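Tertiary structure, described
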Amino acid sequence: MNYQKEMSECSMPLQRRIFLYGALFISAVMVLAGISFYYTISEAIEEQVGQRALDIAGTTADREDVKNAFKVADPTASLQPIAEEIRQQTGAEYVVIGNTEGIRYTHPVEERIGKKMVGDDNERALVSGLSYVSEATGSLGPALRGKAPIVDEDGTIVGIISVGFLKTNITSTFLQYADSIVGIVLIAIVFGALGSMVLARNIKKTLFGLEPVEIANLYTQRNALIESVREGIIMVDHNGKITMANSSAYEVLSFPKEKNLIGEPIEKIVPNTQLLQVLQTGESQLDRPATIRGKKTIINRIPIRQGQTIIGAVSSFRLQSDIEGLRNEVSQVRQYADALRAQTHEHQNLLYTLSGLIQLNSLEEAMELIHDESEEQQSLVRFVTERLQDPFLGGIVIGLFNRARELKVRLILDEESWLKQLPPHFEKGLFVSILGNLVTNAFEAVEHLPEDRRIVRLLLTDNGSEILIEVEDSGKGLDSGILSALFKKRISTKNGDDRGYGLVKVYENVQDLQGEIAMESGDLGGALFIISIRTGGISID
């Protein structure tokens, strides 16, 4: 029932409603502005007319011929012509001169000469000697009057002058301005209506032609869809402030449902976030493993675009607890398989050699070979375990040594290598991938060289604040012209279509571990890759 009521109330299209409301609002504003302007002009005209009347009265009162007229037996004979001349020159309705009793000496209507002045507003001029403007109803009707006392040479008040302009004449002046004001208001209303029409069309276009009810339905459906997804979803605007977070996001981030994340900066909720990087570069980041507030996740980060403009970004993430163990096992099994394959190959060669020596009855040589092989293997294991005390890491390196022996490559573990244990928050799968890809690339870089020149150096060390990895080979190195794109595109110096993934993967894994990677020319003549990974912890959204 409520939905049907909303539909009936919103039956008028949005564009028409915006136009009508806009036009009515502008019309109301312009009418009020016109009325206000009219009254402002009216007050200004009244003030101007009153001041004009006062100026005329004061100037007339200062004339010598007016003052002298009060000394003769018949002041009217002298004053009436003067008053009429002033009235005609100034456009005043009347110029009345009277004595201290308020008896008129002049008046436009001669029959009223000798009678008392009307209005009862002469006291301030005759008693106090003030000049002023008053509004009163005289013998000719309501008027604005300027009054001034007439003072003789001795300073005695001998009479009064009243100059009046009828209110009806002032009102007619007001109406002349009113016509102009009405015209301006009507023109403004027309332009306002046109502006409302353009605004309504633009708003409709901005909303993709959707009506408010349709927008409300889409919003409800979007919320239901987002909440039904088991992945955590966070959206931010172009300023990096959170605009949406679903229930799964609260759960993964370990925030109570009562905490409001909307409007909070993403870097405040998730320190060292990479969503800001997505906002800046516009590059998507897909299926990136990361740790959020101690929980391992797989993350996708995608920019939100409006045309060519990035207006925000969305991050979706899910727990990788179900697949992390499997991935680690696969990584370890792959390393162990390579190591076993290399050992099997070497042991087969050793067994063939021993078999031949025994058949030749060269028992001493056979015993010496067995002794040397055993001592070399024990020496390798002892050296690696002393320098790299983490069993996981030590096993990987021993496997790489066996692989190097199979390829006839001299793999050197730098004497400065020292790493007691990988930090517990490190994702070992990423670390294995970085080390394996770099060393494998180094093996391939020297495989075309004579055996005595196939050298790869490996350094692994922990200086307390960061773990350093150096992998150097004696190959021909890489062209400096491809360095800028080396870690972002599939670039390979080897033949084959399925090439160029290794360094891209290394770069992505280093970024996920929040480390840094650099390449330069090494002392062996080939490429030297240097990787630095902070051990203080990782927090990525």
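The structure this text deals with has already been given above.
Residues numbered from 1 in each chain as written. Predicted model: local features only at pLDDT ≥ 70, side-chain atom pairs only at ≥ 80, totals over all residues. Heavy atoms only, no water.

1. Observations concerning the sheet that holds strand 10 (residues 410–413)
One open sheet holds the five strands; their spatial order is 10-11-12-14-13, and the pairing between them is mixed. This sheet does not close on itself; its edge strands, each paired only once, are strand 10 and strand 13 (515–521). Taking the axes of each pair of neighbouring strands and ignoring which way they run, one obtains an average angle of 15° across the sheet. In terms of strand pairing, strand 12 (residues 466–473) meets strand 14 (residues 527–534) through seven bridges, oriented antiparallel. Following the sheet pairing, Glu466 is matched in strand 14 by Arg534. Sitting on the sheet, helix 13 (residues 391–406) touches strand 10 and strand 11 (455–462), and the angle it makes with strand 10 is about 155°. In this fold helix 14 (residues 428–446) packs onto strand 10, strand 11, strand 12 and strand 14, with an angle of close to 15° to the strand it touches most, strand 12. (Pairing = 2+ DSSP bridges. Helix = DSSP H or I, 4+ residues; strand = E, 2+ residues; numbered from the N terminus. Axes fitted to C-alpha atoms, helices over the stretch in contact; angles between N-to-C directions. Contact = heavy atoms within 4.5 Å.)

2. Digging into the side chain of Asn300
Topologically, Asn300 is positioned in strand 8 (residues 295–306). A polar atom in the side chain of Asn300 sits 2.6 Å from the backbone nitrogen of Asp287. If we skip the residues at most four places from it in the chain, Asn300 touches Gln285, Leu286, Asp287, Val314, Ser315, Ser316 and Arg318. (Polar contact = N/O pair within 3.5 Å; in protein donor to acceptor, adjacent residues only side chain to side chain.)

3. Details of a nonpolar patch on the surface
Together, Ile187, Val190, Phe191, Leu194 and Met197 line one region of the surface with nonpolar side chains, adding up to about 500 Å² of accessible area. Within the secondary structure layout, Phe191 lies in helix 6 (residues 167–206). The exposed category is assigned to Phe191, whose relative accessible area is 59%. (Patch = residues over 30% accessible without salt bridge, like charges linked within 9 Å, V, L, I, M, F, W, Y side chains within 5 Å. Areas by Shrake-Rupley, 256 points an atom, 1.4 Å probe, with all protein chains shown as cover. Salt bridge = Lys/Arg side-chain N within 4 Å of Asp/Glu carboxyl O. Buried < 20%, exposed > 50% of the residue type's maximum accessible area, 1.4 Å probe, protein only.)

4. Overview of the nonpolar core
Core analysis: the biggest nonpolar cluster contains 43 residues, and Phe431, Leu435, Leu458, Leu460 and Ile531 have the highest contact counts within it. Elements with a contribution of two residues or more to this core: helix 13, strand 10, helix 14, strand 11, strand 12, helix 15 (502–512), strand 13 and strand 14. Take this core: its biggest share by element is 10 residues, from helix 14. In this view, Phe431 contacts Leu393, Leu422, Phe426, Leu460, Ile467, Ile469 and Ile533; residues no more than four positions away in its chain are not counted. With 23 residues, the next largest nonpolar core counts Val49, Ile56, Ala61 and Val66 among its residues. (Core = buried A, V, L, I, M, F, W, Y, C linked by side-chain atoms within 4.5 Å.)

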